[in-house]
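Structure at a glance
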Amino acid sequence: MICDYLKFLKERIIMEKRDNLNKVDSCVNKILTFLTEIGVSDWNDFMKMKPVDRDIIDALIDKEVDNMDDLKEVRFVIRFKLSDKKQLIEYKKELEALEEYEKCAAISKKLNKWI
């Protein structure tokens with residue numbers, strides 16, 4: 001009985017993590033689609049967006065994201081996908097200072113593909 005309950009809890013935790021990842025992926029995809037539609041193709045364009053466009057992105061995030069961890073992941077993925085090599089190097093330094101080593105590893109992997 002206890003084993004069944006522990007199995008149930010483990011499966012529930014896995015399902016919740018998968019749902020959160022799906023929400024993050026969904027939010028990122030919607031944001032990237034919107035950015036493409038308005039002609040934003042890199043991080044520089046993103047930083048120069050009009051306030052009204054930023055408001056739309058904020059609304060997308062508010063609708064999809066449930067907690068700060070998910071928000072941080074959405075921010076990371078958007079910046080990761082839009083940044084060029086120089087920007088990724090700078091971003092990696094920021095993340096190292098925050099001890100976000102998994103994200104640093106993802107950036108290093110992407111940077112190594114460009115070499």
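So, here is what we can say about the structure in this document.

The rules behind the values
Residues numbered from 1 in each chain as written. Predicted model: local features only at pLDDT ≥ 70, side-chain atom pairs only at ≥ 80, totals over all residues. Heavy atoms only, no water. Axes fitted to C-alpha atoms, helices over the stretch in contact; angles between N-to-C directions. Helix = DSSP H or I, 4+ residues; strand = E, 2+ residues; numbered from the N terminus. Parallel < 35°, antiparallel > 145°, perpendicular 65-115°, else oblique. Left-handed = near helix turned anticlockwise from the far one by under 90°. Contact = heavy atoms within 4.5 Å. Nonpolar A, V, L, I, M, F, W, Y, C, P; charged D, E, K, R; others polar. Core = buried A, V, L, I, M, F, W, Y, C linked by side-chain atoms within 4.5 Å. Buried < 20%, exposed > 50% of the residue type's maximum accessible area, 1.4 Å probe, protein only. Expected span 1.5 Å × (residues − 1). Arc of directions from axis to C-beta.

Brief notes about the packing of helix H4 (residues 68-82) against helix H5 (residues 85-97)
Packing of H4 against H5 leaves a shortest axis separation of 9 Å and a crossing angle of 150 degrees. Judged on the interaxial angle alone, H5 and H4 are roughly antiparallel. Crossing hand, H4 versus H5: left-handed. Along its contact with H4, which presents Arg75, Phe76, Arg79, Phe80 and Leu82, the element H5 presents Gln87, Leu88, Tyr91, Glu94 and Leu95. Per-class residue counts for the contact of H4 with H5 are six nonpolar, one polar and three charged.

Looking at the nonpolar core
Counting 27 residues, the largest nonpolar core has Ile31, Leu35, Phe46 and Val74 as its most contacted members. Looking at this core, the elements that each hand over two or more residues are helix H1 (2-37), helix H2 (43-47), helix H3 (51-64), H4, H5 and helix H6 (101-114). Top contributing element to this core by residue count: H4, with seven residues. With residues near it in sequence (within four places) discarded, Leu35 still touches Val40, Phe46, Met49, Ile57 and Leu82.

Points about the environment of Gly39
Its place among the elements puts Gly39 in the loop between H1 and H2. Using a relative accessible area of 52% as the deciding quantity, one classes Gly39 as exposed. For the pair Gly39 and Met49, spaced 10 residues apart in sequence, the C-alpha to C-alpha distance is 9.9 Å.

Describing H5
Each turn of an α-helix holds 3.6 residues, which means side chains three or four residues apart point in the same direction. Its 13 residues give H5 an end-to-end C-alpha distance of 19 Å, which sits within 8% of 18 Å, the value for a rise of 1.5 Å per residue. Of the positions making up H5, those classed as buried are Gln87, Leu88, Tyr91 and Leu95. Axial view of H5: buried residues confined to an arc of 95 degrees, hence all on one face. Turned more than 90 degrees off the buried face of H5, the exposed positions are Lys86 and Ala97.

Here's the deal with H3
In this model, H3 (14 residues) spans 20 Å end to end at C-alpha, consistent with the 20 Å of a helix rising 1.5 Å per residue. Among all positions in H3, only Asp53, Ile57, Leu60, Ile61 and Glu64 are buried. Looking down the long axis of H3, one finds its buried residues gathered within 95 degrees of arc, a one-sided arrangement. Residues Pro51, Val52, Asp62 and Lys63 are exposed on H3 and point more than 90 degrees away from its buried face.

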